[in-house]
Amino acid sequence: MKSPIPDYLSGIMDSCAADVSGERAAYIPELAAADPDRLAVALCTVDGVVYAVGDADAEFTIQSISKPFVYALALAERGFSSTLDKVGVEPSGDAFNDFSLEPDTGRPRNPMINAGAIATHSLIGEPGAGAEERQERVLAGLSAFAGRRLEVDERVFASELETAHRNLALAHMLRSYGIIEDDPVEVVRGYTRQCSVLVTVRDLAVMAATLANGGRHPTTDVQVISARVARQVLSVMTTSGMYDAAGDWVTTVGIPAKSGVAGGLLGALPGQVGVATFSPRLDKHGHSVRGVQLFRRLTDDMGMHLMEIPSPGQAVLRKVRTFDGPHGSSMVFQLQGRLGFTTAEVVAREVVEQAPTTDRVIFDVELLYKVEEVGRVMLLEVCRRLSLEGREVILLDSEGVLPNPVPGSGATLKVVTSREELIGLASADQ
Ligand code: GLN
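Residues numbered from 1 in each chain as written. Predicted model: local features only at pLDDT ≥ 70, side-chain atom pairs only at ≥ 80, totals over all residues. Heavy atoms only, no water.

Peer 1: Explain the overall build of the protein here, please?
Peer 2: Along the backbone of the protein there are 16 helices and 12 strands. Principal-axis analysis of the C-alpha atoms gives the protein an extent of 85 × 50 × 35 Å. For the protein, the residues scored as buried account for 52% of the 430 residues in total. Summarising the internal contacts of the protein: among those between residues at least 6 apart in sequence, 67% fall at separations of at least 24. Of the roughly 18,300 Å² of accessible surface on the protein, a fraction of 52% belongs to carbon and sulfur atoms. Distance from the positive charge centre (40 side chains) to the negative charge centre (56 side chains) of the protein: 1 Å. (Helix = DSSP H or I, 4+ residues; strand = E, 2+ residues; numbered from the N terminus. Buried < 20%, exposed > 50% of the residue type's maximum accessible area, 1.4 Å probe, protein only. Contact = heavy atoms within 4.5 Å. Areas by Shrake-Rupley, 256 points an atom, 1.4 Å probe, with all protein chains shown as cover. Lys, Arg positive; Asp, Glu negative; His and termini not counted. Charge placed at Lys NZ, Arg CZ, Asp CG, Glu CD.)

Peer 1: Just checking my understanding: could you explain the site of the ligand for this structure?
Peer 2: Surveying the vicinity of the ligand reveals the residues Tyr27, Gln63, Ser64, Phe96, Asn114, Glu160, Asn167, Tyr191, Cys195, Tyr243, Gly260 and Val261. With respect to the ligand, the side chain of Tyr191 contributes an N or O atom lying 2.7 Å from an oxygen atom. A total of 300 Å² of accessible area belongs to the ligand in isolation, and the protein chains cover 95% of it. Partitioned by chemical class, the residues of the shell around the ligand number six nonpolar, five polar and one charged. (Near = heavy atom within 4 Å. Polar contact = N/O pair within 3.5 Å; in protein donor to acceptor, adjacent residues only side chain to side chain. Nonpolar A, V, L, I, M, F, W, Y, C, P; charged D, E, K, R; others polar.)

Peer 1: Before we go on, may I ask you to explain the layout of surface pockets in this structure?
Peer 2: Take a probe with the size of a water molecule and roll it over the atoms, and the empty space left behind shows itself. One number sums up the size of the largest pocket: a volume of about 970 Å³. Lining the largest pocket are 27 residues, and of these Pro270, Gly271, Arg338, Lys370 and Glu372 lie nearest its centre. When the residues that make up the lining of the largest pocket are grouped by side-chain class, the tally is 14 nonpolar, eight polar and five charged. The computed volume of the second largest pocket comes to approximately 370 Å³. (1 Å grid on protein atoms, 1.4 Å probe; cavity = no way out; pocket = protein on both sides within 12 Å on 5 of 7 lines; lining within 4 Å. Points joined across faces, edges and corners; volume = space filled by probe spheres on them.)

Peer 1: Could you clarify how one ought to interpret the sheet that holds strand S7 (residues 273-278) in this entry?
Peer 2: Think of a sheet as strands paired side by side through backbone hydrogen bonds, with each pair either parallel or antiparallel. Taken together, five strands build an open sheet; the order of strands is S2-S1-S7-S6-S5 and the sheet is antiparallel. The strands lining the two open edges of the sheet, one partner per strand, are strand S2 (50-54) and strand S5 (257-259). On average, each strand axis in the sheet is tilted by 10° relative to the strand beside it, whichever way the strands run. As judged from the six bridges shared by strand S6 (residues 264-269) and S7, these two strands associate in the antiparallel manner. (Pairing = 2+ DSSP bridges. Axes fitted to C-alpha atoms, helices over the stretch in contact; angles between N-to-C directions.)

Peer 1: Could you clarify how one ought to interpret the environment of Ser259 in this entry?
Peer 2: The residue Ser259 is located in strand S5 in this model. According to the relative accessible area criterion, Ser259 is buried, its value standing at 1%. In sequence terms Ser259 and Gly241 are 18 residues apart; their C-alpha atoms lie 7.3 Å from each other. Those residues within four positions of Ser259 in sequence are excluded, and the remaining contacts are Ser64, Ile65, Gly241, Met242, Tyr243, Gly264, Leu265, Gly286 and His287. Among the polar contacts listed, one links the side chain of Ser259 to the side chain of His287, at a separation of 2.7 Å.

Right, dumping it as structure tokens:
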């Protein structure tokens, strides 16, 4: 059987192919001469399956889509507080190349606008390490997100640099406020090189999936950045990734996203997928016209909007069984899926309601695929309380799904590693 997913992607791509509205970026000849009809969509799941249709292997410059990734690198290298000292996290509501500096401090409002991205770029590498090293680290970092060595389009780089007057003005302003400490001309050179890195729509989908996957690359399995950094980056993409169209984007599409003036657009749905589109004609905000349309279709068809995530709570209890034996009554709670706060709350509630006097309570956690720390702590607290009431508490966990199953002072929790062992225990009663 052929997977239906590429056919679906081709279908939505065809449905918006006829729209030729918008204009290519015209500030450098290379972008102005791009083939305007190019169109591609790619989707990468967090477990590393890539579906790509259209001009999926066409290369184009990453431009502003580099910003969230370099922000991630800065957070990873410098830490949160040093990075936040230099670049804020408030949406500016302004265009990408607006000055948008805080009046008193000169700190750029966020890392998605050019001012913030230039400041962020300057944070890469050891202080004083020099422009060359910084550029190499940025290229290596972007390549780690893509899972392959990326290259710079030297012609785009040279053209961009010739016309980088506004970015140079921004960098000099930042230097005057002490936000950047290096030579502003060198920093803009590096930032411009960062924008001139060549990618395909496939690369972008994989890069987005790395963010969606808590910073772990979906195919190379490398932890490129920590989950905490990925969370920070996705949050800033949600509020500022689409500049002065951020509110419209978040209400209609609802996926953390970033666009670039070469026509790329990328979105990362946490825990699920990375999506990317490529089509060079841009709207007045500098976002790809057909890219925005494709994302709207995808989000509606696939239920991807962040505010529509279904409740996981009710599915956590797969089965609750009771049986009686000569040494009293037992109740087995078979859990499945993810154990976080809302799911552990359901377990705690059901134990209170269903096992008020049961002598023995068994938690079968074999089918849990993810245990959040809060879920672990809550389940162990339930075990502790049951044990202190004098019940026998047993955990069926052959693969160590629940790490460190120690319920705390005065309580006992017996861990059983096979169903046979559990049946042995139960039938000893019968
Ligand atoms: N290189 C462009 C610039 O800094 C990138 C802008 C963008 O993609 N929005 O002006």
